[in-house]
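Chain by chain, the residues run as shown.
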Amino acid sequence: MINISRPTLLLDEAICKSNIQSIANRASKAGVVLRPHFKTHQSHEIGRWFREAGVTSCTVSSVQMAEYFATDGWSDITVAFPVNYLEADVIDRLASQCRMHILAVAPEAILALDKRISHPVHCFIEIDTGYGRTGVKPEDDQSIESILQAIAGSKHISFAGFLTHAGQSYAARNAKTILEVHETTRNSMVALGNRYRKRYPHVVLSIGDTPTCSLAEDFTGIQEIRPGNLVFYDIQQMYIGACRRNNIAIALACPVVAVYRDRQEVIVHGGSVHFSKDMAKTPGGLTHFGEVVRLRDTGWELLDEPVFVKSLSQEHGIISWPHEQGWQPVPGEVIGVLPVHACLTADAMGAYLTTSGHKIPAMPSGIRRN
């Protein structure tokens, strides 16, 4: 394996590109536009891999991220976060450069934003189809109408369609439940679209979450999908049945700094500032922060018996390491850990090293946080 001296996020380029091609093929077969969410990888180079697969539009989670990808030629961008009209100057600047889509959950933001911009912006109404985070309930015609009236009365904002994120799919425990979430979401969105299609013939229905987009085949009535996590996948996605372990494209390389045979623990440099604090539960109910893999020259391999990171502090990771495990690491060795949540781990690390030794930068943290 490449010489590594500190926590480093490894990326298997072949697996990543295979994941990208797989969802591109699925979208093409289903007849929907693939507008992938780039918040997972936040990288120009990885974004270009999507472009090589025929993708021409993307989703981001902030206007700063939209600016970052606009500089690399992305000209059709959706900011999938309720619009903050206090960022009107940035939104207007982006709208002068590319086709900008925003999300509305209330008319007040539309009215305030319209007064502060001078370039055309396209607006999705965010719909809550069961996740319970943000959005308007699909049956709440009064709220939907109030937003539509605000859009209709604006000078610079046009109605694009309805958008939802079925984040409740992440709480599923198997593929059957994921597909049930998909069907409920699809049926709800299609019914909503049908109610407004006479007034808005070109209304776009946009859905997007990795579990349902990874498994579903029937997208009838839907125009676009926006999965993001599937560029890398992770332990969480594997446990709920959205992917297999060999679809996971990243592993955090962590130097071993101490070994305590008496208490059967290995301590690594790799803590919550590297992994995040997201936890997962094995099918047997064991809570952990990542699964250990053994690093090899061209990637990583699974252990005969699984070993897990059992706790994290800011910089430390503590791994339960049973005596019967054949491989017993020593201080100075580097081990790999498949992350629980790829999006947060990638965001925390901010760059990648491919298994062939190629460094891939991501969106600078100074841009992400400002």
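Predicted model, so just to flag it, every value in this text is computed and none were measured.

A. Just the overall build of the protein chain, in detail. A tally of helices and strands in the protein chain yields 12 helices and 20 strands. Over its C-alpha trace the protein chain gives a radius of gyration of 22 Å, about what one expects of a compact globule, namely 21 Å for 370 residues. With respect to the principal axes defined by its C-alpha atoms, the protein chain has extents near 70 × 40 × 35 Å. For the protein chain, with 370 residues in total, the buried portion stands at 55%. The long-range share in the protein chain, meaning contacts at least 24 apart out of those at least 6 apart in sequence, stands at 65%.

B. Broad picture of the pairing of strand E8 (residues 204-207). Relative to E8, strand E7 (residues 157-164) runs parallel, the two sharing four bridges. Note on E8: the bridge partner recorded for Phe162 is Leu205.

C. Spotlight on the side chain of Thr8. Summarising the element assignment, Thr8 is placed in strand E1 (residues 8-11). A distance of 2.8 Å separates a polar side-chain atom of Thr8 from the backbone oxygen of Arg6. Among all residues touching Thr8, those that are not within four sequence positions of it are Ala251, Leu252, Ala253, Met349 and Leu353.

D. Spatial organisation of the side chain of Thr282. Checked against the element boundaries, Thr282 lands in the loop between strand E12 (280-281) and strand E13 (287-288). Once residues within four sequence positions are removed from consideration, Thr282 is found in contact with Tyr239, His288 and Phe308.

E. Looking closely at the layout of surface pockets. Of the volumes computed, that of the largest pocket is approximately 530 Å³. Residue lining of the largest pocket: 25 residues in total, with His37, Lys39, Tyr131, Arg133 and His165 positioned closest to the centre. Ranked by residues supplied to the lining of the largest pocket, first place goes to strand E4 (residues 76-82) with three residues. There is about 210 Å³ of room inside the second largest pocket. For the second largest pocket, the full set of lining residues is Asn3, Ile4, Ser5, Arg6, Pro7, Thr8, Leu9, Met349, Ala351, Tyr352, Leu353 and Lys359. Sorting the residues of the lining of the second largest pocket by element identifies E1 and strand E19 (351-354) as the ones contributing at least two each. Top contributing element to the lining of the second largest pocket by residue count: E19, with three residues. Residues of the lining of the second largest pocket, tallied by class, amount to seven nonpolar, three polar and two charged.

F. Region of interest: the packing of aromatic side chains. Applying the stated rule across the entire model yields nine aromatic pairs. Every member of this aromatic cluster is reached through a ring pair, and the members are Phe38, Phe50, Tyr68, Phe69 and Trp74. Lys17 extends its terminal NZ or CZ atom over the ring of Trp49, reaching a point 5.0 Å from the ring centre. Positioned above the aromatic ring of Tyr260 is the side chain of Arg263, whose terminal nitrogen or guanidinium carbon lies 3.9 Å from the ring centre.

G. Focus on the environment of Cys343. Along the polypeptide, Cys343 turns up in helix H11 (residues 342-349). Considering only alpha carbons, one finds Cys343 and Glu324, 19 residues apart in sequence, at a separation of 33 Å. Leave out the neighbours within four places in its chain, and Cys343 touches Thr40 and Asn229.

H. Region of interest: unusual backbone geometry. The backbone phi angle of Gln42 is positive, close to 50°, even though this residue is not glycine. Topologically, Gln42 is positioned in the loop between strand E2 (33-34) and helix H2 (44-52). A relative accessible area of 5% places Gln42 in the buried class. You will see that Tyr233, though not glycine, has its phi angle at about 60°, which is positive. Tracing the backbone shows Tyr233 in the loop between strand E9 (224-225) and helix H9 (235-239). Taking the relative accessible area as the measure of exposure, Tyr233 reaches 9% and is therefore buried.

I. Quick peek at the packing of helix H6 (residues 141-152) against helix H7 (residues 175-196). The contact between H6 and H7 brings their axes to 13 Å, and the two run at 55°. Taken together, the axes of H6 and H7 lie oblique to each other. The hand of the H6/H7 crossing is right-handed. For the pair formed by H6 and H7, the contact residues are Asp141, Ile144, Glu145 and Leu148 on the first element and Leu192, Arg195 and Tyr196 on the second.

J. Region of the structure containing the sheet that holds E8. On the basis of which strands lie adjacent, the open sheet formed by eight strands has the order E2-E9-E8-E7-E6-E5-E4-E3 and parallel pairing. Two strands close off the open sheet at either side, each with one partner strand: E2 and strand E3 (58-60). Two strands pair when backbone bridges link them, and strand E6 (residues 121-127) and E7 are joined in this way by seven bridges, in the parallel orientation. Looking at E7, one finds that Cys123 is bridged to Phe159.

K. View of empty space enclosed by the protein. As enumerated under the stated definition, the model contains two cavities of 30 Å³ or more in all. Taken as a whole, the largest cavity encloses approximately 40 Å³ of empty space. Along its surface, the largest cavity is lined by Glu126, Ile127, Asp128, Tyr131, Arg133, Thr134 and His165. Among the residues forming the lining of the largest cavity, the class breakdown is two nonpolar, two polar and three charged. By volume, the second largest cavity amounts to about 30 Å³. Taken together, Val259, Tyr260, Arg261, Gln264, Glu265, Val266, Trp321, His323 and Gln328 form the lining of the second largest cavity. At the level of elements, strand E10 (250-260) and strand E11 (265-269) are the ones that each hand at least two residues to the lining of the second largest cavity.

About the thresholds
- Residues numbered from 1 in each chain as written.
- Predicted model: local features only at pLDDT ≥ 70, side-chain atom pairs only at ≥ 80, totals over all residues.
- Heavy atoms only, no water.
- Helix = DSSP H or I, 4+ residues; strand = E, 2+ residues; numbered from the N terminus.
- Rg over C-alpha atoms; globule rule 2.2 N^0.38 Å.
- Buried < 20%, exposed > 50% of the residue type's maximum accessible area, 1.4 Å probe, protein only.
- Contact = heavy atoms within 4.5 Å.
- Pairing = 2+ DSSP bridges.
- Polar contact = N/O pair within 3.5 Å; in protein donor to acceptor, adjacent residues only side chain to side chain.
- 1 Å grid on protein atoms, 1.4 Å probe; cavity = no way out; pocket = protein on both sides within 12 Å on 5 of 7 lines; lining within 4 Å.
- Points joined across faces, edges and corners; volume = space filled by probe spheres on them.
- Nonpolar A, V, L, I, M, F, W, Y, C, P; charged D, E, K, R; others polar.
- Phe/Tyr/Trp six-rings, centres within 6.5 Å; stacked < 30°, edge-to-face > 60°.
- Lys NZ or Arg CZ within 6 Å of the ring centre and 35° of its normal.
- Axes fitted to C-alpha atoms, helices over the stretch in contact; angles between N-to-C directions.
- Parallel < 35°, antiparallel > 145°, perpendicular 65-115°, else oblique.
- Left-handed = near helix turned anticlockwise from the far one by under 90°.

Honestly, that's just the spatial picture; any functional story needs more than this.
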